[in-house]
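Analysis of the macromolecular model
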Amino acid sequence: MLIENDSGRWKRLVVSGVLFIVVAAMIYKNSMLSGTIDTVLQALFASTHPNVHSGGRSLMVLISFLGSPKMDLVWTFIIAFFLWGFKYKIPALWAICTVVGGDVLGFIVKHIVKRARPAQHMAKDNGYSFPSGHVLGFFLVTAVLFLVVIPLFRSAALRVICQLLLIIFVALLAVSRVYLLAHYPFDTIGAMLLGYTWLQIAEYLYVAFAPRISHWRIVHHSYY
């Protein structure tokens, strides 16, 4: 099985879940601590001239586009398509449910916390700010690749290279959202915490239900 039972999963779930709740509560209550940290980090990463076009800004816009919620769904369905074609039908369904489920969870949290975006955000970045949908979605896409795609590569070197590239891209995506004034830094941190918390639940559900689902006709002869 690609995702094995892990006795430490519940510990990770509790730790990440508690940290996320703490961060979300700080944002919801407009904590002075979270506001101060956001301000300091924004001074480091945010664009001081949001309307000035440059090579660095163009790169941030491209990274932000590649990690946007719509593109996250595109990447997810591409991954699921190839997994399904190589007889990994259950992992394919799990990949879709994990990313879509995470997006729905993020949407619900946004409408509970209702944090406004930074004042100079671009018009296309509408809606609430916390957590970052871009970072949450691509974090889960990365997790799917880590758990059910990269382990299938025969080359250890290729696995390491892919993992490093994905980690770097997630970090750059988080920076791009702050740079473009679409989010505060804590929005991206909260997105990763929420994504990791949801991932622990999704992994548990995979371990619990994959053997049962394997008897369904639609996924007959599927590896899992």
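Numbers given to residues run from 1 along each chain, matching the order in which its sequence is written. Confidence filtering applies because this is a predicted model: local features only for residues at pLDDT of at least 70, side-chain atom pairs given and counted only at 80 or more, and all residues used for totals across whole chains, interfaces and linings. Just so you know, side-chain values use all the structure's heavy atoms and leave hydrogens and water out.

**Quick notes on the packing of helix H5 (residues 89–113) against helix H6 (residues 133–149)**
Any two packed helices are characterised by how steeply their axes cross, that is the angle between the axes, and by the distance between the axes. The axes used here are C-alpha line fits, helices contributing only the stretch in contact, and every angle between their N-to-C directions lies in the interval 0 to 180 degrees. Strands are runs of DSSP state E lasting at least two residues, helices are runs of H or I lasting at least four, and both sets are numbered from the N terminus onward. Packing of H5 against H6 leaves a shortest axis separation of 10 Å and a crossing angle of 160°. With respect to their mutual orientation, H5 and H6 come out roughly antiparallel. The crossing of H5 and H6 is right-handed. Of H6, the residues touching H5 (which contributes Pro 91, Trp 94, Ala 95, Thr 98, Val 99, Gly 102, Asp 103, Gly 106 and Lys 110) are Gly 133, Leu 136, Gly 137, Leu 140, Val 141, Val 144, Leu 147 and Val 148. Across the contact of H5 with H6, the residue classes tally to 10 nonpolar, five polar and two charged. By the definition adopted for this analysis, an angle is roughly parallel if under 35 degrees, roughly antiparallel if over 145, roughly perpendicular if from 65 to 115, and oblique otherwise. Two helices cross in a left-handed way if the nearer one is turned anticlockwise from the farther one by less than a right angle. They cross in a right-handed way if the turn is clockwise. Any two residues having at least one pair of non-hydrogen atoms within 4.5 Å are treated as being in contact. All residues other than Ala, Val, Leu, Ile, Met, Phe, Trp, Tyr, Cys, Pro, Asp, Glu, Lys and Arg, Gly among them, are scored as polar; the first ten of these are nonpolar and the last four charged.

**Quick look at a nonpolar patch on the surface**
A surface patch of nonpolar side chains, about 620 Å² in accessible area, is lined by Leu 73, Phe 77, Val 100, Val 104, Phe 107, Ile 108 and Ile 112. Of all the secondary structure elements, the ones that give two or more residues to the nonpolar patch are helix H4 (69–85) and H5. Along the chain, Val 100 falls in helix H5. Relative accessibility thresholds used throughout: buried, under 20% of the residue-type maximum; exposed, over 50%; partly exposed, between the two (1.4 Å probe, protein chains only). Residue class for Val 100 comes out partly exposed when judged on its relative accessible area of 33%. Distance thresholds for patches are 9 Å for like charges and 5 Å for nonpolar side chains (Val, Leu, Ile, Met, Phe, Trp, Tyr), applied to residues having over 30% relative accessible area and no salt bridge. Each accessible area is a Shrake-Rupley result for a 1.4 Å probe, and residues are judged covered by the shown protein chains and nothing else. The rule for a salt bridge is simple: a side-chain nitrogen of Lys or Arg has to be within 4 Å of a carboxyl oxygen of Asp or Glu.

**Examining unusual backbone geometry**
In this model, Phe 130 is joined to Pro 131 through a cis peptide bond whose omega is -5°. Structurally, Pro 131 is set in the loop between H5 and H6. With a phi angle near 75°, Lys 87 is a residue other than glycine that sits in the positive phi range. Among the structural elements, Lys 87 can be located in the loop between H4 and H5. For Lys 87, a relative accessible area of 43% puts it in the partly exposed group.

**Considering the UniProt feature "transmembrane region" (unreviewed entry) in the protein**
UniProt positions are given in the numbering used here, feature names are shortened, and annotations may be inferred rather than shown by experiment. According to UniProt, the feature "transmembrane region" (unreviewed entry) maps to residues 12–28, 59–86, 93–113, 133–153, 160–182 and 188–207 in the numbering used here. With 100% helix and 0% strand, residues 93–113 has end C-alpha atoms that lie 30 Å from one another. Here residues 133–153 runs as 81% helix and 0% strand, with 29 Å between its end C-alpha atoms.

**Regarding the environment of Met 1**
Relative to the assigned elements, Met 1 resides in the segment before helix H1 (9–28). Overall, the relative accessible area of 36% leaves Met 1 in the partly exposed class. C-alpha of Met 1 to C-alpha of Phe 107: the two residues are 106 residues apart in sequence and 31 Å apart in space. In contact with Met 1, not counting residues within four places along its chain, are Tyr 206, Val 207, Ala 210 and Tyr 224.

**Describing helix H8 (residues 185–213)**
For H8, spanning 29 residues, the distance from its first C-alpha to its last is 40 Å, which sits close to the expected 42 Å at 1.5 Å a residue. Note on bend: the value at a residue is the angle between axes fitted to the seven residues ending there and to the seven starting there. If you look at H8, its biggest bend is around 35°, right at Val 207, and the proline Pro 211 turns up within four residues after that. Multiplying 1.5 Å by the residue count of a helix minus one yields the expected span of that helix.

**As for the nonpolar core**
Grouped together as the largest cluster of nonpolar side chains are 49 residues, with contacts concentrated most on Trp 94 and Phe 130. Going through the elements one at a time, H1, helix H3 (55–66), H4, H5, H6, helix H7 (156–179) and H8 are the ones with two or more residues in this core. Looking at which element gives the most residues to this core, the answer is H6, with 11 residues. Trp 94 has contacts with Ile 3, Val 144, Leu 147, Val 148, Leu 199, Ala 202, Glu 203 and Tyr 206, leaving out every residue within four places of it along the chain. Note on terminology: a nonpolar core comprises buried Ala, Val, Leu, Ile, Met, Phe, Trp, Tyr and Cys residues joined through side-chain atoms within 4.5 Å.

**Observations concerning the side chain of His 134**
Counting through the fold element by element, His 134 comes out in helix H6. Polar contacts, as used here, are pairs of N or O atoms within 3.5 Å; protein pairs need one atom able to donate a hydrogen and one able to accept it. Residues neighboring in sequence count only if both atoms are side-chain atoms. A distance of 3.5 Å separates a polar atom in the side chain of His 134 from a polar atom in the side chain of Arg 177. Aside from chain neighbours lying at most four places away, what touches His 134 is Ser 64, Gly 67, Ser 68, Pro 69, Asp 72, Leu 173 and Arg 177.

**Let's talk about the packing of H6 against H8**
The contact between H6 and H8 brings their axes to 8 Å, and the two run at 40°. In terms of axis orientation, H6 runs oblique to H8. Pair H6 / H8 crosses with right-handed handedness. Here Val 135, Leu 136, Phe 139, Leu 140, Ala 143 and Leu 147 of H6 lie close against H8, whose contacting residues are Thr 188, Ala 191, Met 192, Leu 194, Gly 195, Tyr 196, Trp 198, Leu 199 and Glu 203. In the contact of H6 with H8, the residues fall into 12 nonpolar, two polar and one charged.

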